Amino acid sequence: MNRSDKEKKFNEQLIRLQPNQPQETKKVVKESGKKPSIQKETKSVNEEKITSIQAQKRPGRYNIFINEVYAFPVDEELIIRHMLHKGMVVSKEFQKTLQEEDVSRKAYQRALVYLSYGMRSEKEVRDDLIDKEFEEYVEEIINQLKDQRLIDDLDYAKSYVRTAANLNRKGPKTIMNELNRKGIDKLLIEEAMLEYSFEDQFDNAFNLAEKSWRKSNQKSQREAIQKTKQFLLQKGYDMDIIQEVVNEMDTEKSEDEEYAALVVQGEQAWRRYSSKAKGYDLIKKIKTSLFQKGYPSELIQRFIEMKEEENEE
């Protein structure tokens with residue numbers, strides 16, 4: 001082929017090309033045993049990337065930005081666990097997972113703070129999480145804390161019994177009622193109460209009874225005993241222990257001590273009733289009041305005679 005024929009063929013090829021044809025970025029893909037093929041490079045318009053991770057003022061908390069827009073906050077532990085970093089592509093599903101894990105992490109941290117103030121029963125932790133609006137995560141957090149032995153109702157109950165007995169001298173019934181209100185299982189309460197021996201209950205009740213008795217020095221012997229028994233009942237002690245305590249105490253009052261107490265209460269009754277009654281009616285009210293308080297009739301009559309002599313003067 002001479003030079004003119006070659007030029008003619010080249011010109012024909014140029015004519016077949018479309019003028020001003022737009023160019024496309026093309027990529028040659030080689031496949032084993034096949035002819036090279038051409039594919040277009042594509043980029044997802046919905047691709048979401050972490051473009052920034054910024055620390056909050058609150059320690060251990062960070063804000064995540066997706067495509068330059070604030071998306072959600074996360075705990076530092078989640079950043080480490082999932083190796084979150086700038087430029088990381090995150091799907092919608094993964095973002096949702098991160099947010100759910102972050103709320104769960106908040107619930108766990110709340111439980112740890114609550115437990116840091118002292119031992120808690122499972123019910124107390126559960127109620128606190130619900131109160132703080134973490135109800136959806138309660139079971140998850142409770143199970144996690146149990147696995148870590150941060151919640152143990154038996155250990156809690158035993159510790160509670162020892163503290164209530166040694167520091168507050170509470171009776172067994174009071175302690176059992178309080179543990180029941182804290183959600184402790186009945187069988188666990190019974191096991192925990194073994195920490196409170198009969199001897200310790202007696203010693204505590206005796207100390208409380210002596211204090212009550214000293215405050216009753218202006219009452220009759222019978223009323224002072226009744227008040228002491230009532231006080232121990234209110235503290236949660238059983239009647240068998242109360243009776244043993246009273247039998248061991250020195251509850252005898254001399255006649256002079258009894259009369260001195262009667263005079264104090266008799267004067268109070270006289271002032272209270274003298275504005276409403278006179279003569280026989282007044283005397284009757286005074287006698288009834290003092291008799292109900294446990295004073296013997298001979299001492300009551302002695303007081304009445306003394307008051308009558310005072311009024312005659």
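Data block above holds the structure.
Note that the structure is a prediction, hence the values are computed from the model and not measured.

Thresholds applied
Residues numbered from 1 in each chain as written. Predicted model: local features only at pLDDT ≥ 70, side-chain atom pairs only at ≥ 80, totals over all residues. Heavy atoms only, no water. Pairing = 2+ DSSP bridges. Helix = DSSP H or I, 4+ residues; strand = E, 2+ residues; numbered from the N terminus. Axes fitted to C-alpha atoms, helices over the stretch in contact; angles between N-to-C directions. Contact = heavy atoms within 4.5 Å. Core = buried A, V, L, I, M, F, W, Y, C linked by side-chain atoms within 4.5 Å. Buried < 20%, exposed > 50% of the residue type's maximum accessible area, 1.4 Å probe, protein only. Patch = residues over 30% accessible without salt bridge, like charges linked within 9 Å, V, L, I, M, F, W, Y side chains within 5 Å. Areas by Shrake-Rupley, 256 points an atom, 1.4 Å probe, with all protein chains shown as cover. Salt bridge = Lys/Arg side-chain N within 4 Å of Asp/Glu carboxyl O. Lys, Arg positive; Asp, Glu negative; His and termini not counted. Charge placed at Lys NZ, Arg CZ, Asp CG, Glu CD. Arc of directions from axis to C-beta. Left-handed = near helix turned anticlockwise from the far one by under 90°. Nonpolar A, V, L, I, M, F, W, Y, C, P; charged D, E, K, R; others polar.

Novice: Is there a simple way to think about the sheet that holds strand 5 (residues 69–75) in this case?
Specialist: Paired through their backbone hydrogen bonds, the strands of a sheet run either parallel or antiparallel. Sheet architecture is open: three strands sit in the order 3-4-5, paired in antiparallel fashion. Both edges of this open sheet fall to strand 3 (50–55) and strand 5, since each of them pairs with a single strand only. Each strand of the sheet is rotated relative to its neighbour by a mean of 25 degrees, with strand direction disregarded. Sheet topology places strand 3 next to strand 4 (residues 61–66); five bridges connect them, and they run antiparallel. Note on strand 4: the bridge partner recorded for Ile50 is Ile66. Sheet strands touched by helix 3 (residues 92–116): strand 4 and strand 5. Its angle to strand 5, the strand with the most contacts, is close to 40 degrees.

Novice: What is the right way to read the nonpolar core from this model?
Specialist: Looking at soluble globular proteins, one finds that nonpolar side chains tend to be buried together. By size, the foremost hydrophobic cluster in this structure holds 28 residues, and its most contacted members are Val161, Ile175, Leu179, Tyr196, Leu232, Tyr237 and Val245. Within the residue set of this core, elements represented by two or more residues are helix 6 (153–166), helix 7 (172–181), helix 8 (186–192), helix 9 (198–214), helix 10 (221–234) and helix 11 (239–248). For Val161, the contacting residues outside a window of four places in its chain are Ile175, Leu179, Ala192, Met193, Glu195 and Tyr196. With 15 residues, the next largest nonpolar core counts Leu282, Ile283, Tyr295 and Phe303 among its residues.

Novice: Is there a simple way to think about a negative patch on the surface in this case?
Specialist: On the surface, Asp250, Glu252, Asp256 and Glu257 cluster together into a patch of negative charge. On the secondary structure map, Asp250 appears in the loop between helix 11 and helix 12 (255–273).

Novice: Is there a simple way to explain helix 4 (residues 122–131) in this structure?
Specialist: In an α-helix, one turn spans 3.6 residues; hence positions three or four apart end up facing the same way. Restricting attention to buried positions, one finds in helix 4 the residues Glu122, Glu124, Val125, Asp128 and Leu129. What you see down the axis of helix 4 is that its buried residues fit within an arc of 165 degrees, all on one side. Along its buried surface, helix 4 packs onto helix 3, helix 5 (138–147) and helix 6. The positive-phi residue at the C-terminal boundary of helix 4 is Glu133, with phi of around 65 degrees.

Novice: Please explain unusual backbone geometry as it appears in this structure.
Specialist: If a residue is not glycine, its phi is most likely negative; likewise, a peptide bond is most likely trans. For Glu68, which is not glycine, the phi dihedral falls at a positive 70 degrees. Positioned with a positive phi, Arg149 is a non-glycine residue whose angle comes to about 60 degrees. Summarising the element assignment, Arg149 is placed in the loop between helix 5 and helix 6.

Novice: Help me out: how do you make sense of the packing of helix 6 against helix 7 in this one?
Specialist: When two helices pack together, their arrangement is given by the angle between the helix axes and the distance between those axes. Where helix 6 meets helix 7, the closest approach of the two axes is 10 Å, and the angle between their N-to-C directions is 145 degrees. Along this stretch, helix 6 crosses helix 7, giving a crossing that reads as right-handed. Two secondary-structure elements touch here, helix 6 through Tyr156, Ala157, Tyr160, Val161, Ala164 and Ala165 and helix 7 through Ile175, Glu178 and Leu179. Here the contact of helix 6 with helix 7 is composed, by residue class, of eight nonpolar, no polar and one charged.

Take it as geometry only, folks, not as evidence of what the structure does.
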